[in-house]
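# Structural description and commentary
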Amino acid sequence: MSELNLILLGPPGSGKGTQGERLRDDLELPYYATGDILRAAVREGTELGKRAKRYMDRGDLVPDEVIVGVIAERIDRPEAADGFILDGFPRTDPQAEALDAKMAELGRKLTAALLIEVGDDEVVRRLGGRRTCPNGHVFHVELDPPSKEGVCDVCAAELEIRDDDKPDVIRHRLEQYHAKTEPLIDYYDRQGLLERIDGTVAPDEVEEGIRALLATLRMEEEA
Ligand code: AP5
């Protein structure tokens, strides 16, 4: 396949980060997760982090103009010339339109928007037990536990509970998803780019589903 420009869509806790890491390692493409980028900016105390923090703590989306430039700059990088994986962007109609405009400016096209589908109850269960490390690796106390409790398997950093994984903030993030991000399902469906993935099965099976889908897309391109 000439270029693989992928978007991961789905509610909070659907497994975008879990699958995004696997895809990055499998496809050797740059992986841009806006939540990770914003959390790093908050930790480093940059201007971006200062602007984003109060929105993130409440479970609100940061303003479009704050995040669009961040992703446009990533897509311009030479490392993204053969493709990229976006996780958590776009999340609103204006963000999707800005991404289309950026791709048109570069003479490039999106390959697919992979929608990882999971219901709200499962989201609450997953985010309630999530543990993350400062480098973005993701675990779950019951569903995907690290080998040693409280320690990241990948980089041995201490695992943390995210500030926005509190029950009231989780509910608000879900409301934001349904109101502002869910309309993108139709947006990409209309463009013929939407691919639905069952996110309710185990992480390995979700990964298998995505691999099978990408193989089909490759065959269709070559046919
Ligand atoms: P972000 O970090 O992107 O949060 P999110 O979209 O809410 O997604 P999550 O990271 O919560 O979940 P995920 O789908 O990655 O699931 P995960 O793999 O971790 O954004 C945070 C905030 O930043 C936003 O609220 C907003 O303020 C701001 N922001 C970011 N992007 C923005 C944008 N474009 N515009 C405006 N604001 C923006 O998995 C969850 C748990 O489930 C884990 O514990 C995992 O181990 C477990 N799990 C994963 N897969 C499975 C499975 N198949 N079975 C069982 N358990 C599983």
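Residues numbered from 1 in each chain as written. Predicted model: local features only at pLDDT ≥ 70, side-chain atom pairs only at ≥ 80, totals over all residues. Heavy atoms only, no water.

## Details of the pairing of strand β3 (residues 83–87)
Residues in a regular strand point their side chains to alternate faces of the sheet. Within β3, 5 of the 5 residues are buried, which leaves the element mostly enclosed by the surrounding structure. Here strand β1 (residues 4–9) runs beside β3; their pairing, made up of 5 bridges, is parallel. Residue pairing for β3: Leu6 is matched across the bridge by Ile85. Relative to β3, strand β2 (residues 31–33) is paired through 3 bridges, and the arrangement is parallel. The partner of Ala33 across the bridge, within β3, is Asp87. (Buried < 20%, exposed > 50% of the residue type's maximum accessible area, 1.4 Å probe, protein only. Helix = DSSP H or I, 4+ residues; strand = E, 2+ residues; numbered from the N terminus. Pairing = 2+ DSSP bridges.)

## A few points about helix α5 (residues 93–106)
The first and last C-alpha atoms of α5 sit 20 Å apart over 14 residues, in line with the 20 Å expected at 1.5 Å per residue. Taken residue by residue, α5 has Gln95, Ala96, Leu99, Lys102 and Met103 as its buried positions. Across the axial projection of α5, the buried residues extend over an arc of 120°, all falling on one side. Of the exposed residues in α5, the ones pointing more than 90 degrees away from its buried face are Ala104 and Glu105. Where α5 is buried, its residues contact β1, α4 (64–75), β3 and α8 (183–190). (Expected span 1.5 Å × (residues − 1). Arc of directions from axis to C-beta. Contact = heavy atoms within 4.5 Å.)

## Overview of the environment of Asp36
Mapped onto the elements of the fold, Asp36 is located in helix α2 (residues 34–44). Each C-alpha atom, one on Asp36 and one on Leu174, is 18 Å from the other, the two residues being 138 residues apart in sequence. Every residue in contact with Asp36, bar those within four places of it in the chain, is listed here: Tyr31 and Gly136.

## Quick word on empty space enclosed by the protein
Per the counting criterion, the structure on display carries 1 cavity of 30 Å³ or more. Size it by volume and the largest cavity reaches roughly 40 Å³. Residue lining of the largest cavity: Gln19, Arg22, Leu23, Asp26, Glu207 and Ile210, and that is the complete set. Those elements that provide at least two residues to the lining of the largest cavity are α1 (16–27) and α9 (203–222). Of all the elements, α1 adds the most residues to the lining of the largest cavity, at 4 residues. Classifying every residue of the lining of the largest cavity by side-chain character gives 2 nonpolar, 1 polar and 3 charged. (1 Å grid on protein atoms, 1.4 Å probe; cavity = no way out; pocket = protein on both sides within 12 Å on 5 of 7 lines; lining within 4 Å. Points joined across faces, edges and corners; volume = space filled by probe spheres on them. Nonpolar A, V, L, I, M, F, W, Y, C, P; charged D, E, K, R; others polar.)

## Overview of the site of the ligand
Taken together, the neighbourhood of the ligand is formed by 37 residues, with Thr18, Asp60, Arg91, Arg130 and Arg173 sitting nearest. Note that an oxygen atom of the ligand is positioned 2.9 Å from one of the side-chain N or O atoms of Arg39. Arg130 has a polar side-chain atom sitting 2.6 Å from an oxygen atom of the ligand. Alone, the ligand offers 1000 Å² of accessible surface; in the complex the protein occludes 97% of this. Only α1, α2, α6 (120–128), β6 (138–140) and α9 provide two or more residues apiece to the shell around the ligand. Sort the elements by how many residues they give to the shell around the ligand and α2 lands first, with 4 residues. Per-class residue counts for the shell around the ligand are 16 nonpolar, 11 polar and 10 charged. (Near = heavy atom within 4 Å. Polar contact = N/O pair within 3.5 Å; in protein donor to acceptor, adjacent residues only side chain to side chain. Areas by Shrake-Rupley, 256 points an atom, 1.4 Å probe, with all protein chains shown as cover.)

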